[in-house]
Amino acid sequence: MEQVDLRLIRFVDTINDNLICCICQTPYIEPVITDCGHTFCTFCIYQAIEASPVCPIDRASLSMNSIQPAAKIISNMVNELLVYCPRHEQGCTHIGQRQYIEGHLNYDCQYTMAPCQLDECKELLLKKDLGSHAKTCKYRTVECNMCKKKMCSYELKDHYSLCPSEIIECQYCKTSRSRSDHNSHINECPQFNIPCPQAEFGCSWNDQRQLLESHVVTCPYEAIKNFLQKQQASENLIKKELQQLHKENATLRREQEESKRHVNTIVNQLDLMFPGHFLMDVDIPAEARNESFLAESQRLNNELETLSANIASLELKQNMALMTETFRLQEELQSLRAICHGLRMQMHYLMMDRRTNTTSAGASSNNTSTTSPNNDNTSAVNRARNYLESTRQETKL
């Protein structure tokens, strides 16, 4: 809300001198009266007393407590004075009472500044121009006439160049279709210039798509395309291998540089511990020193290869011994399984024989000789023993 300074507004008629404050020389604003009978604006007399506690007219002594509100009729008279709108110079022709001028300025005056109603814009304009601005604001919502998509006004121009529903003409075959179908049409347009399928192998033909079939018949590269494709695959493989070799070479160079720095560090440390014993002989050429380092590296590599071969041989021997021992244990386990099976069969045979003897003994006479069962038991034991011996022989085989 905008605050109005009532001292700056213009009055329509001439003001009675009895309604003018002698301090600010404007009609009273919130008039008050002193004990000495003089009337002033509230703000004016308070400011005057703070500077000097005397009446500005008759110089009588005054205090804050001696000030009282003026009669209501005085306030009504100054508030009902006719004034021009504070935006009179900008063009507002409104004339009204002073007490209502602030409400007019904040709500009704068309010459006050107000922001555009669109959230994206917020441009400050005169209220009278908001209606015309809303029709031309670049942030207003508009609709594409072709695809019916809604967007801001400033986006519409760029949208027209990309609108999928816009009808465009193919520059090759002169047919028309929507922009969304144009790209797929280009891939099928018979008059669109395309290169030969064997252009990557050297064919320079580039002409309309509808002439491609006739060209393929006479193209010299078409007849040997299988050979060319194999050559291309081989070339790509060689390029990959070459790139790999370059990477490996760069890695080896870095490792060589690191090895040199490491050797130099060790030599410097040994030289600090044993001065004069590990200095590099400057008379020996750099190539000879490099060859010495390479020979030493080769010797170490050979020793490592020999140790690796010995370890592999020992591992192979250990595996063979372990395999042999495993086979032997498996054979012994199989033999034990066969023996257990034989014992199980013998026990089964003895139980069946005993059951048979018990049955026959109950059915025979009480006078049967006691020697017969003993002979039967002996024969049963002999049969079991013979069966066990045969089982053992089969297990050994």
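The structure displayed is predicted, hence computed values, not measured ones. (Residues numbered from 1 in each chain as written. Predicted model: local features only at pLDDT ≥ 70, side-chain atom pairs only at ≥ 80, totals over all residues. Heavy atoms only, no water.)

(A) Structural detail: the overall build of the protein chain. The secondary structure content of the protein chain amounts to eleven helices and 13 strands. Counting the 397 residues in the protein chain, one finds 22% classified as buried. Counting only contacts in the protein chain whose residues sit at least 6 apart along the sequence, the fraction spanning at least 24 positions is 25%. Surface accessibility of the protein chain: about 29800 Å² in total, with carbon and sulfur atoms responsible for 54%. (Helix = DSSP H or I, 4+ residues; strand = E, 2+ residues; numbered from the N terminus. Buried < 20%, exposed > 50% of the residue type's maximum accessible area, 1.4 Å probe, protein only. Contact = heavy atoms within 4.5 Å. Areas by Shrake-Rupley, 256 points an atom, 1.4 Å probe, with all protein chains shown as cover.)

(B) Broad picture of the pattern of salt bridges. Applying the stated criterion across every chain, the model contains six salt bridges. The residue E222 makes a salt bridge to K225 at a minimum N-O spacing of 3.0 Å. Owing to a relative accessible area of 19%, E222 belongs among the buried residues under this scheme. The partner of E303 in a salt bridge is R299, with the nearest N and O atoms 2.6 Å apart. Taken together, the residues span about one helical turn, with E303 and R299 both in helix α10 (residues 286-363) at a distance of four residues. For R299, a relative accessible area of 38% puts it in the partly exposed group. Connected through salt bridges with shared partners, the residues E325, R328 and E332 form a single ionic network. (Salt bridge = Lys/Arg side-chain N within 4 Å of Asp/Glu carboxyl O.)

(C) Up close: the sheet that holds strand β1 (residues 31-33). Strand order in the open sheet formed by three strands is β2-β1-β3, and the pairing between neighbours is antiparallel. The sheet is open, and its two edges are formed by β2 (39-41) and β3 (68-69), each paired on a single side. Where β1 lies against β3, two bridges are found, and the strand directions are antiparallel. Along β3, the bridge assignment pairs I33 with Q68. Helix α1 (residues 42-51) contacts β1 and β2 of the sheet and is inclined by roughly 95 degrees relative to β2. (Pairing = 2+ DSSP bridges. Axes fitted to C-alpha atoms, helices over the stretch in contact; angles between N-to-C directions.)

(D) Expanded view of the packing of aromatic side chains. Across all of its chains, the model carries two aromatic pairs by this definition. Relative to F192, the ring of Y172 has its centre 4.9 Å away and its plane inclined at 90 degrees; by these criteria the two rings are edge-to-face. Of the two residues, Y172 sits in the loop between β10 (167-169) and β11 (176-178) while F192 sits in the loop between α6 (179-186) and β12 (193-195), which places them 20 residues apart along the sequence. Taking relative accessible area as the criterion, Y172 reaches 29% and is therefore assigned partly exposed. (Phe/Tyr/Trp six-rings, centres within 6.5 Å; stacked < 30°, edge-to-face > 60°.)

(E) Structural view of the state of the cysteines. Tallying each qualifying case throughout the model produces zero disulfides. Note on C147: no disulfide assigned, nearest cysteine sulfur contributed by C144 at a separation of 3.6 Å. Looking at C147, the relative accessible area reads 24%, which means it is partly exposed. (Disulfide = S-S within 2.5 Å.)

(F) Region of the structure containing unusual backbone geometry. Despite not being glycine, Q25 has its phi angle at roughly 60 degrees, a positive value. Assignment of secondary structure puts Q25 in the segment before β1. On the accessibility criterion, Q25 (56% relative accessible area) is exposed. Residues other than glycine seldom take positive phi values, yet K122 does so here, at roughly 60 degrees. With respect to the secondary-structure elements, K122 resides in the loop between β6 (113-115) and β7 (124-126).

(G) Layout of the side chain of H185. Tracing the sequence through the fold places H185 in helix α6. Of the polar contacts made by the side chain of H185, one reaches the side chain of R177; its length is 3.4 Å. Here H185 is in contact with C170, C173, T175 and R177, once residues within four sequence places are set aside. (Polar contact = N/O pair within 3.5 Å; in protein donor to acceptor, adjacent residues only side chain to side chain.)

(H) Representation of helix α3 (residues 101-108). Listing the buried residues of α3 in full gives I101, H104, L105 and N106. Buried-residue contacts for α3 involve β4 (82-84) and β5 (95-97).

(I) Examining a nonpolar patch on the surface more closely. On the surface, L304, L307 and I311 cluster together to form a nonpolar patch covering roughly 310 Å² of accessible area. As for its placement among the helices and strands, L307 is situated in helix α10. (Patch = residues over 30% accessible without salt bridge, like charges linked within 9 Å, V, L, I, M, F, W, Y side chains within 5 Å.)

(J) Region of the structure containing the nonpolar core. Among the nonpolar cores identified, the biggest contains 26 residues, and F11, C21, C41, I45 and C109 are the most heavily contacted of them. Those elements giving two or more residues to this core turn out to be β2, α1 and α3. In this structure I45 touches I23, V32, F40, P56, L62 and I67, once residues within four positions along its chain are discounted. Residues I194, C196, W205 and C219 belong to the second largest nonpolar core, which totals six residues. (Core = buried A, V, L, I, M, F, W, Y, C linked by side-chain atoms within 4.5 Å.)

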